[in-house]
Amino acid sequence: MQRLFFFALLLTTLNTYAQPAIDILHYDIHIDLLNLSQGKIKGNTALQFKALKATNSINIDLLKLTVDSVRNLSGKLNYTQTETTLTVTLNTTLAANDTGLVTIYYQGKPFTDPSQYGGGFYFVNDFAYNVGVGFSANPHNLARAWFPAVDNFTDRALFDFYIRTETDKKAFSNGLLIAKVNNNDGTQTWHWKLNESIPPYLASVAVAKFATINDNVTGMNGSIPIQINVLKADSAKAVQSFSNLKQYFANYEKRFG
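A. Expanded view of the sheet that holds strand β3 (residues 55–61). Ordered by their spatial adjacency, 3 strands build an open sheet running β3-β7-β6, and the pairing between neighbours is antiparallel. This sheet does not close on itself; its edge strands, each paired only once, are β3 and β6 (78–81). Each adjacent strand pair in this sheet contributes to an overall mean axis angle of 25°, direction not counted. With 6 bridges connecting them, β3 and strand β7 (residues 85–94) associate as antiparallel partners. Paired with Ile58 across the bridge in β7 is Val88.

Dropping the structure here:
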C-alpha cells in the first residue's frame, strides 16, 4: 500500500510539472510596494527565455493577479489569462534554442494561503513580504503569487529586483544591493541583483521600516560585513538571537572552506 501511494504521488508530481516549452534565463522584476495598508502590488516583469522546442506561444504561471498588457520589442502581444496561467502568443515562431524577451505588466491583490502552512504574499500592518512555498498549495511553489514565472523547482534563472517604496521604508531582496535611487517624489527604488541562478520560489522581498544592525566577522579571507535588518521593536531581540552567528560562521568555514 505504501508503494502504491508513493507511485500515485510520483505520477501527480510529474503531471504537475510537465516539461515547459521555455527555459527562463533571467527575470527583471519591477514592483511598487506603496501604501501597504491597501494590500496591493503593481509592477512589470521582463522574462528573458530560451525555447526548448519550436513554439509560437509560451505559458507562464501567475496566480490571481490581473495582467494589463504583454509586450516585446515589437510592441503589444496577444494573451489569454486564467486564474493561474498566462498564455502569450508570440509574433514569430521560435526554433529550439532561440531566445526571446517578453515584459508582462500586472497589478492586483496577491494570493495569501490561509492555512497554517501558508505561503504567498503578505501585508501585515506596515510590513510586506513573501513566502515562496505553501504546503497546502498545489503545486507548492508560490513565486507566481507576486510575479509571472515558470514556477517549478527545477527551472533556474538569474534575477534583478527593482523595489519601489516610500522613503521611510527599506526593501530587501536576494543578492547584492546595487543602488538605492531617490525618485524625488516621496519614493525610492532599491535595486538588488542576484548573479547565481535560483528557482523562482526562492526569490524574496521584504519591505518595512526596518532597523539595521551592522557588524563584521573576520573570516579566512579577511573581514566580511554583517547586516541584520529587523523591525525596530525587535532590535534588542535580534542582537540576542544572532549572538552565536560569528561562531557558526567560523565552524562553517572550518568544515567547508
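B. Representation of helix α3 (residues 245–256) in the model. Between the first and last C-alpha of α3 there are 16 Å, a value that for 12 residues agrees with the 16 Å anticipated at 1.5 Å per step. Once α3 ends, the next one or two residues include Gly257, with phi positive near 95°.

C. Structural detail: the packing of aromatic side chains. One pass over the structure, following the stated rule, counts 16 aromatic pairs. Where Tyr122 meets Tyr129, the ring centres are 5.4 Å apart and the plane angle is 10°; that geometry is what we call stacked. According to the relative accessible area criterion, Tyr122 is buried, its value standing at 17%. Its relative accessible area of 23% is what places Tyr129 among the partly exposed residues. Ring centres 4.9 Å apart and planes at 85° place the aromatic pair Trp146 and Phe147 in the edge-to-face group. In this structure Trp146 comes out as buried when scored by relative accessible area, which is 0%. Here Phe147 falls in the buried class, since its relative accessible area comes to 0%. Counting every residue linked through ring pairs, the aromatic cluster contains Tyr27, Phe121, Phe123, Trp146, Phe147, Phe159 and Phe161.

D. Just the sheet that holds strand β13 (residues 176–182), in detail. One open sheet holds the 8 strands; their spatial order is β5-β4-β8-β2-β1-β11-β14-β13, and the pairing between them is mixed. Among the strands making up the open sheet, the edge pair consists of β5 (75–76) and β13. As defined by bridge partners, strand β4 (residues 66–72) adjoins strand β8 (residues 99–108) across 5 bridges and the pair is classed as antiparallel. Within β8, the position partnered with Ser69 by the bridge is Tyr105.

E. Highlighting the pattern of salt bridges. Following the criterion strictly, the structure yields 11 salt bridges and no others. Lys64 is the partner of Glu83 in a salt bridge, and the nearest nitrogen-oxygen pair spans 2.9 Å. With Glu83 in the loop between β6 and β7 and Lys64 in the loop between β3 and β4, the pair connects residues that are 19 residues apart, well separated along the chain. Taking relative accessible area as the criterion, Lys64 reaches 39% and is therefore assigned partly exposed. In this structure, Lys169 engages Asp168 in a salt bridge whose closest nitrogen and oxygen atoms are separated by 3.4 Å. The partly exposed category is assigned to Asp168, whose relative accessible area is 41%. Members of the salt-bridge network, linked through shared partners, are Asp126, Glu166, Asp168, Lys169 and Lys209.

F. Local environment of the nonpolar core. One finds Tyr27, Leu33, Trp146, Phe147 and Phe159 to be the most contacted residues of the largest nonpolar core, which totals 48 residues. The dominant element in this core, judged by the number of residues it contributes, is strand β1 (residues 22–32), at 5 residues. Setting aside its immediate chain neighbours within four residues, Phe147 contacts Tyr27, Ile29, Thr45, Asp61, Leu62, Tyr106, Phe159, Pro200 and Ala203.

G. Representation of the side chain of Asp113 in the model. By the secondary structure assignment, Asp113 is in the loop between β8 and β9 (120–124). Comment: no salt bridge for buried Asp113; closest opposite-charge side chain is Arg144, at 8.3 Å.

H. Quick peek at unusual backbone geometry. Following Asn138, the chain continues into Pro139 via a peptide bond in cis, with omega recorded as 0°. Non-glycine residue Asn97 carries a positive phi angle of around 80°. If you trace the backbone, Asn97 turns up in the loop between β7 and β8. Positioned with a positive phi, Asn184 is a non-glycine residue whose angle comes to about 60°. Its location among the elements puts Asn184 in the loop between β13 and β14 (187–198).

I. Summary view of the side chain of Thr45. Among the structural elements, Thr45 can be located in strand β2 (residues 41–51). On the basis of relative accessible area, Thr45 is assigned to the buried category, the value being 0%. A polar atom in the side chain of Thr45 sits 3.1 Å from the side chain of Tyr106. Setting aside anything within four residues of it in sequence, one finds Thr45 in contact with Tyr27, Asp28, Ile29, Val102, Thr103, Ile104, Tyr106, Phe147 and Pro148.

Reading guide: rules and limits
- Residues numbered from 1 in each chain as written.
- Predicted model: local features only at pLDDT ≥ 70, side-chain atom pairs only at ≥ 80, totals over all residues.
- Heavy atoms only, no water.
- Pairing = 2+ DSSP bridges.
- Helix = DSSP H or I, 4+ residues; strand = E, 2+ residues; numbered from the N terminus.
- Axes fitted to C-alpha atoms, helices over the stretch in contact; angles between N-to-C directions.
- Expected span 1.5 Å × (residues − 1).
- Phe/Tyr/Trp six-rings, centres within 6.5 Å; stacked < 30°, edge-to-face > 60°.
- Buried < 20%, exposed > 50% of the residue type's maximum accessible area, 1.4 Å probe, protein only.
- Salt bridge = Lys/Arg side-chain N within 4 Å of Asp/Glu carboxyl O.
- Core = buried A, V, L, I, M, F, W, Y, C linked by side-chain atoms within 4.5 Å.
- Contact = heavy atoms within 4.5 Å.
- Lys, Arg positive; Asp, Glu negative; His and termini not counted.
- Polar contact = N/O pair within 3.5 Å; in protein donor to acceptor, adjacent residues only side chain to side chain.

Treat this as a map of the structure, not an account of what it does.
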